[in-house]
Amino acid sequence: MSASSTESALEDVSVSTLKGVGDAMAAKLATLGIFTLQDVLFHLPFRYQDRTRLRRIGELRPGDEGVIEAEVALSEVVQRQRRSLLVRVSDGTGSLTLRFFHFSAKQSQQFTRGTMLQCFGEVRRGPGMLEMVHPEYRLASQGAALQNTLTPFYPATDGVQQGTLRKLSDQALVLLHRQRLQELIPPQLLNDLGLPDLVTALQTVHRPPPEASIADLMDGIHPAHRRLAIEELVSHRLALRQLRDQHQTHQAPQLPAQSDIAAKLRASLAFALTGAQARVLDEVLVDMAKAEPMLRLVQGDVGAGKTVVAALAASHAVEAGYQVAFMAPTEILAEQHLLNFCQWFEPLGISVGWLSGKLKASDRRSMIEAVAMGQVRIVVGTHALFQNDVEFENLGLAIVDEQHRFGVHQRLALRNKGAKNDVLPHQLIMTATPIPRTLAMTAYADLDVSVIDELPPGRKPVTTVALEAQRRGDVVQRVGAATAEGRQVYWVCTLIEESEHLQAEAAEDTADALADALPGHRVGLVHGRMKPKEKDEVMARFKAAEIDVLVATTVIEVGVDVPNASLMIIENAERLGLSQLHQLRGRVGRGSAQSSCILLYHGPLSKTARQRIGIMRETNDGFVIAERDLEIRGAGEVLGTRQTGVAEFRIAQLGRDDDLLDVVGDVADELAATHPSAVDKLIRRWIGEGKQDYGGV
Ligand code: ADP
Ligand code: MG
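Residues numbered from 1 in each chain as written. Chains lettered and ligands numbered in written order. Predicted model: local features only at pLDDT ≥ 70, side-chain atom pairs only at ≥ 80, totals over all residues. Heavy atoms only, no water.

S.K.: Describe the overall build of the chain, listing the residues and the values that go with them.
M.R.: Check the secondary structure of the chain and you find 24 helices and 21 strands. The proportion of buried residues among the 697 residues of the chain is 52%. Residue pairs in contact within the chain that sit at least 24 positions apart in sequence constitute 75% of those at least 6 positions apart. Accessible surface, the chain: about 30600 Å² in total, of which carbon and sulfur atoms supply 49%. (Helix = DSSP H or I, 4+ residues; strand = E, 2+ residues; numbered from the N terminus. Buried < 20%, exposed > 50% of the residue type's maximum accessible area, 1.4 Å probe, protein only. Contact = heavy atoms within 4.5 Å. Areas by Shrake-Rupley, 256 points an atom, 1.4 Å probe, with all protein chains shown as cover.)

S.K.: Please give an account of the site of ligand 1 that cites residues and values.
M.R.: Residues in contact with ligand 1 amount to 16 residues; listed here are only the nearest, Ala-272, Gly-303, Lys-306, Thr-307 and Asp-561. In the environment of ligand 1, a nitrogen atom lies 2.8 Å from a nitrogen or oxygen atom belonging to the side chain of Gln-277. Separating an oxygen atom of ligand 1 from a backbone N or O atom of Gly-305 is a distance of 3.0 Å. Its residues placed into classes, the shell around ligand 1 shows six nonpolar, five polar and five charged. (Near = heavy atom within 4 Å. Polar contact = N/O pair within 3.5 Å; in protein donor to acceptor, adjacent residues only side chain to side chain. Nonpolar A, V, L, I, M, F, W, Y, C, P; charged D, E, K, R; others polar.)

S.K.: Give a detailed account of a negative patch on the surface, specifying residues and quantitative values.
M.R.: On the surface, Glu-505, Glu-508, Asp-509, Asp-512 and Asp-516 cluster together into a negatively charged patch. For Glu-508, the location among the structural elements is in helix α17 (residues 500-517). With a relative accessible area of 35%, Glu-508 lands in the partly exposed category. (Patch = residues over 30% accessible without salt bridge, like charges linked within 9 Å, V, L, I, M, F, W, Y side chains within 5 Å. Salt bridge = Lys/Arg side-chain N within 4 Å of Asp/Glu carboxyl O. Lys, Arg positive; Asp, Glu negative; His and termini not counted. Charge placed at Lys NZ, Arg CZ, Asp CG, Glu CD.)

S.K.: An account of the pairing of strand β18 (residues 523-526) is needed here, citing residue identities and associated values.
M.R.: Every second residue of β18 is oriented toward a common face, the buried set being Gly-524 and Val-526 and the non-buried set Val-523 and Leu-525. Sheet topology note: the β18/strand β19 (residues 549-552) ladder contains four bridges and is parallel. Note that in β19 the partner of Val-526 across the bridge is Ala-552. (Pairing = 2+ DSSP bridges.)

S.K.: Can you explain the sheet that holds β19? Please cite residues and give values.
M.R.: Taken together, six strands build an open sheet; the order of strands is β16-β21-β20-β17-β19-β18 and the sheet is parallel. Among the strands making up the open sheet, the edge pair consists of β16 (463-468) and β18. Between one strand axis and the next, the sheet turns through 20 degrees on average, direction left out of account. Across the sheet, helix α19 (residues 578-585) is in contact with β16, β17 (488-492), β20 (565-570) and β21 (596-601); its angle to β20 comes to roughly 150 degrees. (Axes fitted to C-alpha atoms, helices over the stretch in contact; angles between N-to-C directions.)

S.K.: I'd like to hear about the packing of aromatic side chains, residue by residue, with values.
M.R.: Overall, the coordinates contain eight aromatic pairs when judged by the stated rule. The aromatic ring of Phe-153 is capped on one face by Arg-166, whose charged end is 4.7 Å from the ring centroid. (Phe/Tyr/Trp six-rings, centres within 6.5 Å; stacked < 30°, edge-to-face > 60°. Lys NZ or Arg CZ within 6 Å of the ring centre and 35° of its normal.)

S.K.: Just give me the short version of the nonpolar core, but keep the residues and values in it.
M.R.: Note that soluble globular proteins tend to have their nonpolar side chains buried in a common cluster. Core analysis: the biggest nonpolar cluster contains 61 residues, and Leu-29, Leu-41 and Val-234 have the highest contact counts within it. Looking at this core, the elements that each hand over two or more residues are α1 (23-31), α2 (37-42), α4 (162-177), α5 (187-193), α6 (198-206), α8 (223-248), α23 (661-674) and α24 (676-686). Setting aside its immediate chain neighbours within four residues, Leu-41 contacts Leu-10, Ala-172, Leu-173, Leu-176, Leu-181, Leu-202 and His-206. Leu-273, Val-352, Leu-428 and Met-430 belong to the second largest nonpolar core, which has 43 residues in total. (Core = buried A, V, L, I, M, F, W, Y, C linked by side-chain atoms within 4.5 Å.)

S.K.: Got a sec to walk through the sheet that holds strand β10 (residues 323-327)? Specific residues and values, please.
M.R.: The strand order across the open sheet built from seven strands is β11-β12-β10-β13-β14-β9-β15, with neighbouring strands paired in parallel fashion. Here the strands that pair on one side only, and so sit at the sheet edges, are β11 (352-355) and β15 (448-452). Strand-to-strand twist of the sheet, defined as the mean angle between neighbouring strand axes without regard to direction, takes the value 20 degrees. In this structure, strand β9 (residues 295-300) lies alongside strand β14 (residues 426-431), joined through five bridges in parallel fashion. From the neighbouring strand, Leu-295 faces β14, where its bridge partner is Gln-427. Packed on one face of the sheet, helix α10 (residues 275-288) meets β9, β13 (395-401), β14 and β15 and runs near 155 degrees to β15. Its contacts with the sheet put helix α13 (residues 361-373) on β10, β11 and β12 (378-381), and the angle it makes with β11 is roughly 135 degrees.

S.K.: Kindly report on α10, identifying the contributing residues and their values.
M.R.: A rise of 1.5 Å per residue sets the reference length of α10, with its 14 residues, at 20 Å; its end C-alpha atoms lie 20 Å apart and thus fit the reference within 8%. On its buried side, α10 packs onto α9 (260-268), β9, α11 (306-319), β13, β14 and β15. (Expected span 1.5 Å × (residues − 1).)

S.K.: Quick rundown of the side chain of Asp-401? Include the residues and the values.
M.R.: When you line up the elements, Asp-401 lands in strand β13. For the buried Asp-401, which has no salt bridge, the nearest side chain bearing the opposite charge is Lys-306, at an N-O separation of 5.7 Å. Only 2.6 Å separates the side chain of Asp-401 from the side chain of His-337, close enough to count as a polar contact.

S.K.: I'd like a rundown of the packing of α4 against α6, residues and numbers included.
M.R.: Following both chains from N to C, one finds α4 and α6 inclined at 160 degrees, their axes separated by 10 Å at the closest point. In terms of orientation, α4 lies roughly antiparallel with respect to α6. Seen from above, α4 lies across α6 with left-handed handedness. On the side of α4, the interface is formed by Ser-169, Leu-173, Leu-176 and His-177, while α6 contributes Val-199, Leu-202, Gln-203 and His-206. Its residues placed into classes, the contact of α4 with α6 shows four nonpolar, four polar and no charged. (Parallel < 35°, antiparallel > 145°, perpendicular 65-115°, else oblique. Left-handed = near helix turned anticlockwise from the far one by under 90°.)

S.K.: Describe in detail the side chain of Arg-51, supporting the description with residues and values.
M.R.: Structurally, Arg-51 can be placed in the loop between β1 (47-49) and β2 (65-79). Beyond its immediate sequence surroundings of up to four residues, Arg-51 is in contact with Val-67, Phe-120, Glu-136, Leu-146, Gln-147 and Thr-151.

S.K.: Go over the packing of α10 against α11 with me, naming the residues and quoting the values.
M.R.: α11 packs onto α10 with a crossing angle of 30 degrees between their chain directions and a minimal axis gap of 10 Å. Between α10 and α11, the crossing angle belongs to the class labelled roughly parallel. Taken as a pair, α10 and α11 cross one another with a handedness that is right-handed. Listed contacts from α11 to Gln-277, Val-280, Leu-281, Val-284, Leu-285 and Met-288 of α10 are Val-308, Val-309, Leu-312, Ala-313 and His-316. Here the residues of the contact of α10 with α11 sort into nine nonpolar, two polar and no charged.

S.K.: Just give me the short version of the pattern of salt bridges, but keep the residues and values in it.
M.R.: Think of it this way: side chains of opposite charge can pair up when their charged atoms draw near. In this structure the tally under the stated criterion is 28 salt bridges. Notably, a salt bridge pairs Glu-65 with Arg-47, separated by 3.5 Å at the nearest N-O pair. Linking Glu-65 in strand β2 with Arg-47 in strand β1, this pair joins segments that are 18 residues apart in sequence. Classification of Glu-65 by relative accessible area gives partly exposed; the value is 22%. Measuring nitrogen to oxygen at the nearest pair gives 3.3 Å for the salt bridge that ties Glu-393 to Arg-377.

S.K.: Any chance you could break down α23 for me, citing the residues and the numbers?
M.R.: With 14 residues, α23 ought to run about 20 Å at 1.5 Å a step, and its terminal C-alpha atoms sit 20 Å apart, in line with that. Those residues of α23 that sit buried are Leu-661, Val-664, Gly-665, Val-667, Ala-668 and Leu-671.

S.K.: Outline unusual backbone geometry, supporting the account with residue identities and numerical values.
M.R.: Cis geometry marks the peptide bond from Gly-603 to Pro-604, where omega comes out at -5 degrees. By the secondary structure assignment, Pro-604 is in the loop between β21 and α20 (607-618). In this structure, His-134 is a non-glycine residue whose phi angle is positive, near 45 degrees. Structurally, His-134 is set in the loop between β6 (130-133) and β7 (136-139). Accessibility expressed as a relative area gives 33% for His-134, which makes it partly exposed. Within the chain, Asn-572 stands out as a residue other than glycine whose phi angle is a positive 50 degrees. Within the fold, Asn-572 resides in the loop between β20 and α19.

See below:
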């Protein structure tokens with residue numbers, strides 16, 4: 001360490017200043033995310049060994065690890081399946097066998113009767129008695145080798161051994177004790193929570209005292225871990241709050257709460273809004289009437305009726321002379337919205353534009369021009385909406401559907417698109433994936449949340465069964481029985497390949513086979529390779545009950561609405577994720593008949609596939625499904641944000657640390673109120689500079 005670097009805070013000191021770290025090692029450490037001394041300290045062990053004390057052989061159980069000191073009773077080389085050296089040792093409380101498969105002649109001669117050994121290893125059940133396979137050992141005469149602390153094992157990588165990581169953390173801990181990592185949580189707060197200070201917590205997780213609970217340490221629930229997790233979660237909470245405050249310093253167009261267009265649209269609907277829809281719409285309108293930009297997430301299970309709420313919100317923006325952008329993550333979903341919006345708005349004389357990646361270049365150019373000139377008031381589309389050359393005349397409202405499938409940065413891009421002279425558009429985000437509370441409070445604390453917690457009247461829970469693919473014959477019979485009652489059926493073909501071509505082929509084959517197996521049935525086909533017009537025609541015929549069985553790829557995952565369809569078969573269900581299965585299943589159960597969903601699968605099922613299918617059978621509740629999905633897959637994947645780093649923590653773990661979230665809120669409040677100077681430091685420590693945009697999208 002040079003004299004000057006000891007002056008700086010550890011977050012600023014490069015790991016290269018440590019002994020044993022040259023350029024090559026620094027590059028390898030970088031792959032572990034270790035750049036600074038602080039990173040060394042935040043790189044926590046995932047496992048510990050207890051080499052602090054001697055264990056009695058008599059108290060050891062299979063699976064235990066420990067140090068024993070024992071006397072050699074017998075040593076022999078045996079030749080069974082493999083040549084091995086067996087050394088029987090005992091310590092007065094019991095005996096066990098040390099088993100070596102690789103050994104030199106010299107080694108085998110070391111173990112003469114009466115020799116005292118100190119061994120470390122994992123105990124397992126052997127043929128006659130417990131044994132340690134290839135234990136570490138030394139002659140007891142060389143002196144005891146017991147450690148003062150539990151031995152840590154770190155996540156490592158090629159060329160970075162445990163020994164290296166231990167030496168680095170040793171050095172970093174010495175520097176830590178010179179108070180170079182500032183305590184940012186007030187001591188009295190820590191006291192109230194019964195948690196250790198930062199230095200103690202770090203010292204404890206890296207070099208736990210002998211009496212610490214290894215089980216708690218390995219589970220990450222030791223008070224030392226909780227202390228660190230709380231600080232990290234508090235930092236994220238404060239960062240999101242800051243972003244939100246920044247967001248609210250921008251201006252937004254104040255949109256009137258009265259709108260003729262909305263009134264006309266409502267009058268033209270075939271249904272009345274549910275109570276939940278009306279309430280959520282009101283919440284949106286209150287937000288949009290303010291001069292600061294709305295940032296609202298609308299959650300509503302599949303089929304809850306989010307689209308019409310979006311359309312009514314859009315009416316208010318259009319009425320006030322602003323443009324609306326409505327973005328969906330897939331072509332088919334965007335097309336469905338386009339269809340709905342055209343039906344609703346064109347009779348009112350409002351033009352709806354369309355921007356997707358599949359537009360012909362010339363069509364795209366003219367649409368972009370119409371949007372820039374303001375000739376188009378509402379534009380529906382995919383991510384094509386936020387490409388660089390798309391400019392709005394005056395965007396007042398950006399609606400993003402199925403938000404979790406967009407990269408977070410795409411959402412940011414759309415928002416910034418509308419930014420003009422410090423004026424931001426209002427933003428309405430809609431998702432059928434309820435964000436579990438734990439995530440909402442950490443990754444989405446900057447959003448206001450509305451929940452459409454009521455389905456339109458007449459929806460019935462769908463009965464779900466899982467069948468092995470061999471039972472296909474029985475399933476075809478069920479299809480026949482359903483159509484005999486005048487019901488319609490979806491048969492969904494899925495393939496593991498993303499290739500639309502292969503999917504289309506599989507769907508064609510299935511349609512042919514079903515037409516053969518079900519004489520007199522009208523079998524339709526819809527897949528992603530068809531032209532939008534062809535798809536629409538087929539869908540229209542299905543809706544008009546001119547098709548009995550609709551074979552489809554996952555293109556029908558979203559938006560499709562045919563209440564008379566009461567049976568859905570999903571092939572290769574084991575390959576689909578929970579939210580996709582839930583979305584698909586949401587196509588049935590929309591009419592008065594009892595609906596069913598049959599999940600066809602190929603065994604044997606992986607553990608997670610079995611869990612997923614089990615959950616689908618148990619519940620129709622999108623919220624429960626989302627929570628279980630989070631448990632199975634982890635937050636990053638559920639949100640589609642793995643790459644963007646949202647909700648990725650260094651130490652905290654959603655799920656494990658959920659019970660801390662209330663405390664986290666309190667600590668964040670307290671810090672913001674009484675220790676404002678700690679706020680920026682915490683954010684900098686845990687989140688760094690460059691990433692500050694992440695939560696504001
Ligand atoms: P999601 O919330 O999944 O996006 P949609 O907006 O697609 O749901 O609505 C699902 C279906 O329910 C659509 O056919 C829509 O017209 C219909 N719908 C929406 N609101 C109501 C309501 N209040 N009463 C009856 N049907 C409704
Ligand atoms: Mg929808």
